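# Coordinate inspection notes
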Amino acid sequence: DAEPDLTDGFKPLFNGKDLSGWSPKGGTCKFEAKDGCIIGTCVAGSNSTYLSTDDQSHADFIFTCELTWEVEGNTGVMFRAGRTEGKTGPTAYGPQMEMEPFSHGRGWSGGIYGQSAGGWFYPVWLAEHAETRKAQIQHGWNRMTIEAKGNHVRTWLNGVPVANWKTDQFLSGAFGLQIHKGKAGTVYWRNLKVKPLD
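Along each chain, numbering runs from 1 in the same order as the chain's sequence is written. Where local features are concerned, this predicted model is filtered to residues with pLDDT of at least 70; where side-chain atom pairs are given and counted, the filter is 80 or more; whole-chain, interface and lining totals use all residues. Only hydrogens and water are set aside; all other atoms, that is, all heavy atoms of the structure, feed into the side-chain values.

### A few points about the pattern of salt bridges
Heads up, the rule is: Salt-bridge detection follows one rule: a side-chain nitrogen of Lys or Arg within 4 Å of a carboxyl oxygen of Asp or Glu. Helix and strand labels come from DSSP, where a helix needs a run of H or I of at least four residues and a strand needs a run of E of at least two; each type is numbered from the N terminus. Categorising residues by exposure relies on relative accessible area from a 1.4 Å probe, with only protein chains included: less than 20% of the type maximum marks a residue as buried, more than 50% marks it as exposed, and the intermediate range marks it as partly exposed.
Per the stated rule, a full pass over the model turns up seven salt bridges. Close ionic contact of Arg190 with Glu66 constitutes a salt bridge, the shortest N to O distance being 2.9 Å. Here the residue Arg190 occupies a position in strand S15 (residues 186–196), and Glu66 occupies one in strand S6 (residues 61–71), the gap between them amounting to 124 residues. According to the relative accessible area criterion, Arg190 is partly exposed, its value standing at 27%. Of the charged contacts, one joins Arg154 and Glu147 as a salt bridge, the two residues approaching to 2.7 Å between their closest N and O atoms. Here Arg154 matches Glu147 in class, with each residue buried.

Shown next as structure tokens:
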């Protein structure tokens, strides 16, 4: 199906100035607000870190944002995410619209990964995903869109449909921006907004 209309009824999740309403979970990777963007930077030796919305009640919605890399690294946007105690303190778990570095080469960005929740829920490996695997932009901004209604979740990457997934487990929770553990990675997000659905 076509990507939902992204013009009316949306409210910003990020004020463009600071990280009010957001809190890091999991590790010590760094997040900052600058020039209307949230910037996440990998810290070598840190666990994966999730900048999570303090509001954990997001249930049915359309979410969209734009993402780009300054330094490649694994990342994504968690949604309907829960919180649990990790080895070093509170962390996040649940579904994530995955965004892989372009250099990985397999084109699975836009799929749904179960972060600390069992691995891939919706990989992008079928023949029917051939166009999807070409949707990611290497040098530039990528538009991520997530629609969640009850047990039904769909995603789009740059307007191209990716995941069509059903779950009875993850029905509400927080949004979270991931910086994956590793040696490097600098990710920018902007225009983060959500439209609640009745």
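The discussion continues.
### Overview of the nonpolar core
Quick reminder of the rule: Residues enter a nonpolar core if they are buried and are Ala, Val, Leu, Ile, Met, Phe, Trp, Tyr or Cys, with the set joined through side-chain atoms within 4.5 Å. Here a residue-residue contact requires only that any non-hydrogen atoms of the pair lie within 4.5 Å.
Ranked by internal contacts, the top residues of the largest apolar core, which has 38 residues, are Ile38, Phe63, Leu177, Trp189 and Leu192. Every element with two or more residues in this core is listed here: S6, strand S7 (75–86), strand S8 (89–99), strand S11 (142–149), strand S12 (152–157), strand S13 (160–166), strand S14 (174–179) and S15. Considering each element in turn, this core owes the most residues, five residues, to S6. Sequence-distant contacts of Ile38, that is, excluding residues within four places in its chain, are made with Phe14, Leu19, Trp22, Phe31, Glu32, Leu51, Leu177, Val187, Tyr188, Trp189 and Leu192.

### Topic: the pairing of S12
What counts is decided by this rule: When DSSP finds at least two bridges between two strands, those strands are taken to pair.
With five of six residues buried, S12 is to be regarded as a mostly interior element. Turn length for the S11-S12 hairpin, with the two strands adjacent in sequence and antiparallel, is two residues, and the turn residue Gly150 shows positive phi of about 60°. Bridge analysis of S12 against S13 gives five bridges, and the strand direction is antiparallel. Looking across to S13, one finds that His152 is bridged to Lys166.

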